[in-house]
Amino acid sequence: MSIIEENYQRWLASPVVDEKTKEEIRKMSESEKSDAFFKDAEFGTAGMRGILGPGTNRLNIFTVRKSTIAFGKYLIEKFKKEGKKRGVVISHDNRFMSREFTLDTAKTLNKMGINTYIFDSLRPTPELSFAVREMHAVGGVMITASHNPKEYNGYKVYDENGCQLVPYRIERLLEILAELPDELSVHIDEAKVPGVNTVLTSEIDDKYVDAVLGIRLNPDLDKKGFKVVYTPQHGTSFIPAMKMFEKAGYKDNIFPVEKQCTPDPNFSNTLSPNPEVKDAYIEPIKLAKEISADLIVMTDPDADRVGVAFKNKNGEYELLTGNQSGGLLIDYILGQRKAKGLLSNNGVMYNTIVTSTFGTKIAKSYGVKTVSLLTGFKFIGDAIDLALKNNGPHYEFGYEESYGCLIAPFARDKDAQQALLMLVEMTLFHLREGKTLDVVMDELQQKFNYYNDTQFSIFFPGSEGPSKMSKLMDELRGNISDIAGYKVTRVEDYEKGIAKNADGTTEKLTLPVSNVLKFFLGEDIMISIRPSGTEPKCKFYYGTNAKDKEEVKTLPSKLHEDLLKKIGLK
């Protein structure tokens, strides 16, 4: 009997699975059955994330509860009685089953003797990180699928610093998880003294918003006539964002996309909740045109990332990529800190190995060094903590190409509230100098070269997806000497921990093992490829730059086409 059939029959025979769920299982097509039962739901770069529904490879009360039991055992083993007392903070987004998973997580941990803290309703991911630190808890859980489609949900775990668990921290948790019985058989080791669940008051909300307001550099700019369209994409940011904007003096400047402001697991009034997708901007741009807004900002559902569009010098609306908005923020924040004497002479900026070098060059111009880490903001959060403990460099900024950044480290995850506030302030600052953001961007690119950083994805759904992605990565590890006529000068293989140069010399890589390949084509072109940790797809990141802005417009597409041909996908 195959593992798929074995898991399928086990669910149908289990007394803990209700008859309604069993009927849903019986109605599955062969492909649905295969995808739901071919493996266990796994932890990836952003915790456990998957499609909601019955099955071992689905997010449901059984798979979530098993993860909670493992997390509870991990915390008790690590912190003993102190861990039970200090407890765990739990939060959730707007998705189907998010509140149910939150309450069951709290109930499970309480039975294990661990205190818990929950909010009265949905809250942003960065506020969960902040609350873990504020409550001196030993961990946190965020129920969210971030920007994924409505069929998904997820489960993120945080350490005592409010940072998602990095590999060296999560290793023991995964061992404990592997040692547990299957999701239908696992039981809770109930403590003699149960933990207590406490609902957090609005005091945490106020402290978080006040902390965000503390990052402002030019709070007294003239705000008259300035218009910003804002949407939370049916997610978690609306209440804290509007409170923040009002306290910052922007009450009359913010124009919400009202039909996207209500928490809605169906995402009824948006074609996509993902700020990386152009369709997410249809309604905000429609409103922006009606009121002639200067700026559009949107958060993803769990409010850790911000998408940006703006009115350019010709009165048209342009979208910014995460690399572009990150570069603009770096220039504004470091520039203003330097002008005000607030910039450290031992500053560091963190990004990831798939992030554009555009921001790196800007940071260098202000005397701030850049450290590139693996994809996943948890690596940045962990680096902040290690630097503080070891008297390391002063944190100035951290960001990813996927629209996530952290300006001040009172949270240890990317923070859309901070990004919202600073993007609004930055745009207003430049407008008061007579410059729209396209003008500012062009000035920066004239100084540091013109960049075109583009991402493509290839999807591999179903039970055969992982093996197909593995084969793809093996093909890419073959002998590729040139791409679209550009010679490959260096290949960094983070799974093998080795970099190989064109002259045959090799070097050891110092970052943790990860299934990522990075090709260098001279000094100006980089291609990074990695399987997604949260979706069945392989991501291709193309970073190109040149002195001529026309030269780079079509280069990523040309490189992608030729690379796919070389590995037999075209």
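Cut-off values and rules
Residues numbered from 1 in each chain as written. Predicted model: local features only at pLDDT ≥ 70, side-chain atom pairs only at ≥ 80, totals over all residues. Heavy atoms only, no water. Helix = DSSP H or I, 4+ residues; strand = E, 2+ residues; numbered from the N terminus. Rg over C-alpha atoms; globule rule 2.2 N^0.38 Å. Buried < 20%, exposed > 50% of the residue type's maximum accessible area, 1.4 Å probe, protein only. Contact = heavy atoms within 4.5 Å. Areas by Shrake-Rupley, 256 points an atom, 1.4 Å probe, with all protein chains shown as cover. Lys, Arg positive; Asp, Glu negative; His and termini not counted. Charge placed at Lys NZ, Arg CZ, Asp CG, Glu CD. Axes fitted to C-alpha atoms, helices over the stretch in contact; angles between N-to-C directions. Parallel < 35°, antiparallel > 145°, perpendicular 65-115°, else oblique. Left-handed = near helix turned anticlockwise from the far one by under 90°. Nonpolar A, V, L, I, M, F, W, Y, C, P; charged D, E, K, R; others polar. 1 Å grid on protein atoms, 1.4 Å probe; cavity = no way out; pocket = protein on both sides within 12 Å on 5 of 7 lines; lining within 4 Å. Points joined across faces, edges and corners; volume = space filled by probe spheres on them. Pairing = 2+ DSSP bridges. Salt bridge = Lys/Arg side-chain N within 4 Å of Asp/Glu carboxyl O. Polar contact = N/O pair within 3.5 Å; in protein donor to acceptor, adjacent residues only side chain to side chain. Expected span 1.5 Å × (residues − 1). Core = buried A, V, L, I, M, F, W, Y, C linked by side-chain atoms within 4.5 Å.

> Mind showing me how you'd approach the overall build of the protein here?
Scanning the protein from N- to C-terminus turns up 17 helices and 25 strands. Against the compact-globule benchmark of 25 Å for 570 residues, the protein has a radius of gyration of 24 Å, which places it among compact chains. A principal-axis box enclosing the C-alpha atoms of the protein has dimensions of 70 × 55 × 50 Å. Residue burial in the protein is summarised as follows: out of 570 residues, 59% are buried. Taking the contacts inside the protein whose residues are at least 6 apart along the sequence as the reference set, 70% of them involve residues at least 24 apart. Looking at the protein as shown, the accessible area adds up to about 23600 Å², and 51% of this sits on carbon and sulfur atoms. The positive charge centre, built from 76 side chains, and the negative charge centre, built from 80, are 2 Å apart in the protein.

> I would appreciate a short explanation of the packing of helix α4 (residues 61–86) against helix α7 (residues 167–179) in the present structure.
Packed helix pairs are characterised by how far apart their axes lie and by the angle those axes make with each other. Put simply, α4 and α7 touch, their axes get as near as 9 Å, and they point 125° apart. By the angle between their axes, α4 is oblique relative to α7. The handedness of the crossing between α4 and α7 is right-handed. When α4 is examined against α7, the residues K66, S67, A70, F71, K73, Y74, E77 and K78 are found in contact with a partner set consisting of R169, R172, L173, I176 and L177. Broken down by class, the residue content of the contact of α4 with α7 amounts to six nonpolar, one polar and six charged.

> I keep staring at empty space enclosed by the protein and nothing clicks. Help me out?
A probe matching the size of a water molecule, rolled over the atoms, marks out where space remains unfilled. With the rule as written, the count across this model stands at three cavities of 30 Å³ or more. By volume, the second largest cavity is sized at about 70 Å³. If you go around the second largest cavity, you meet 13 residues; those closest to its centre are S325, G326, L329, Y403 and C405. Broken down by secondary-structure element, the contributors of at least two residues to the lining of the second largest cavity are β11 (306–311), α11 (322–339) and α14 (416–432).

> Explain the environment of K286 here, please?
Along the chain, the position of K286 falls in helix α10 (residues 282–291). Owing to a relative accessible area of 42%, K286 belongs among the partly exposed residues under this scheme. Counting along the chain gives 162 residues from K286 to F448, while the straight-line C-alpha distance between them is 34 Å.

> It is not clear to me how the sheet that holds strand β14 (residues 369–373) should be interpreted in this structure. Could you clarify?
Across the sheet, four strands lie side by side as β14-β13-β15-β16; this open sheet has mixed pairing. Two strands bound the open sheet, and with one partner strand each, they are β14 and β16 (405–406). Summarising the sheet, strand β13 (residues 347–352) and strand β15 (residues 394–399) pair through four bridges and their orientation is parallel. By the bridge assignment for β15, Y350 is matched with G398.

> Explain the pairing of strand β21 (residues 498–501) to me, please; I cannot follow it from the model alone.
For a regular strand, the rule is simple: side chains alternate between the two faces of the sheet. Of the two faces of β21, the one lined by A499 and N501 is fully buried and the one lined by I498 and K500 carries no buried residue. Bridging between strand β20 (residues 490–493) and β21 involves four bridges; their strand directions are antiparallel. Its bridge partner lying in β21, R490 is registered against N501. Remark: four residues form the turn of the hairpin made by β20 and β21, two consecutive strands paired antiparallel; G497 in that turn has positive phi of roughly 70°. Strand direction decides the pairing type here: β21 and strand β22 (residues 506–508), joined by three bridges, are antiparallel. In the sheet register, K500 faces β22, and the bridge partner there is T506. Joining the antiparallel neighbours β21 and β22 is a turn of four residues, in which G504 adopts a positive phi near 95°.

> Is there a simple way to explain the packing of α11 against α14 in this structure?
Where α11 meets α14, the axes come as close as 10 Å, and the angle between the chain directions of the two elements is 75°. When the axes of α11 and α14 are compared, the pair comes out roughly perpendicular. Where α11 approaches α14, its residues S325, L328, L329, Y332, I333 and Q336 are matched on the opposing element by M422, L423, E425, M426, F429 and H430. Taken together, the residues that form the contact of α11 with α14 break down as eight nonpolar, three polar and one charged.

> I'm lost on helix α6 (residues 125–134) in this one. Help?
For the α-helix, the turn length of 3.6 residues means that residues three or four positions removed from each other point alike. Of all 10 residues in α6, eight are buried, a share of seventy percent or more. Buried within α6 we find T125, P126, E127, L128, S129, F130, A131 and V132. One or two positions beyond α6, positive phi appears at H136, with a value near 55°.

> In this structure, what is going on with the sheet that holds strand β8 (residues 228–231)? I would like to understand it.
Pairing between sheet strands relies on hydrogen bonds along the backbone, with the strands arranged either parallel or antiparallel. The five strands are arranged β9-β8-β10-β11-β12 in an open sheet whose pairing can be described as mixed. Taken across any chain shown, the strands that pair with only one partner, and hence form the sheet edges, are β9 (254–256) and β12 (317–320). For this sheet, the mean inter-axis angle between neighbouring strands, taken without regard to orientation, is 25°. Along the sheet face, α14 touches β8, β10 (295–299) and β11 and points at about 175° away from the line of β10.

> Looking at this model, I keep getting lost on the pattern of salt bridges. Mind explaining?
Between side chains of opposite charge, pairing is possible as soon as their charged atoms come close. According to the stated counting rule, one finds 43 salt bridges in the structure shown. A salt bridge links K389 to D385; its shortest N-O distance comes to 3.1 Å. Of this pair, K389 and D385 both sit in helix α13 (residues 377–389), four residues apart, which is roughly one turn of the helix. Since its relative accessible area comes to 9%, D385 is described here as buried. Linked by salt bridges that have partners in common, K156, D302, D304, E400 and K414 make up one network.

> Would you explain the side chain of E425 in this entry?
Its location among the elements puts E425 in helix α14. In this structure the side chain of E425 is engaged in a polar contact, spanning 3.0 Å, whose partner is the backbone nitrogen of N218. Setting aside chain neighbours within four positions, we find E425 in contact with R216, L217, N218, P219, L221, Y250 and Y332.

> Just to check I follow, could you spell out helix α17 (residues 555–566) for this structure?
The end-to-end C-alpha distance of α17 is 17 Å, a good match for the 16 Å that 12 residues give at a rise of 1.5 Å each. Among the residues of α17, L555, P556, L559, H560, D562, L563 and L564 are the ones counted as buried.

> Just to check I follow, could you spell out the nonpolar core for this structure?
What tends to happen in soluble globular proteins is that the nonpolar side chains get buried as a cluster. Judged by nonpolar contacts, the single largest core of 79 residues is most densely connected at F245, Y250, Y350 and F397. Examining the composition of this core, we find that 10 residues originate from one element, α14, more than from any other. Beyond its immediate stretch of four places on either side in the chain, F397 contacts G326, L329, I330, I333, V348, M349, Y350, C405, L406 and I407. Grouped together as the second largest cluster of nonpolar side chains are 33 residues, V88, V141, I170 and I176 included.

> Is there a simple way to think about the pairing of β20 in this case?
The pairing of β20 with strand β23 (residues 517–521) spans four bridges and is antiparallel. Of the residues in β23, the one forming a bridge with V491 is F519.

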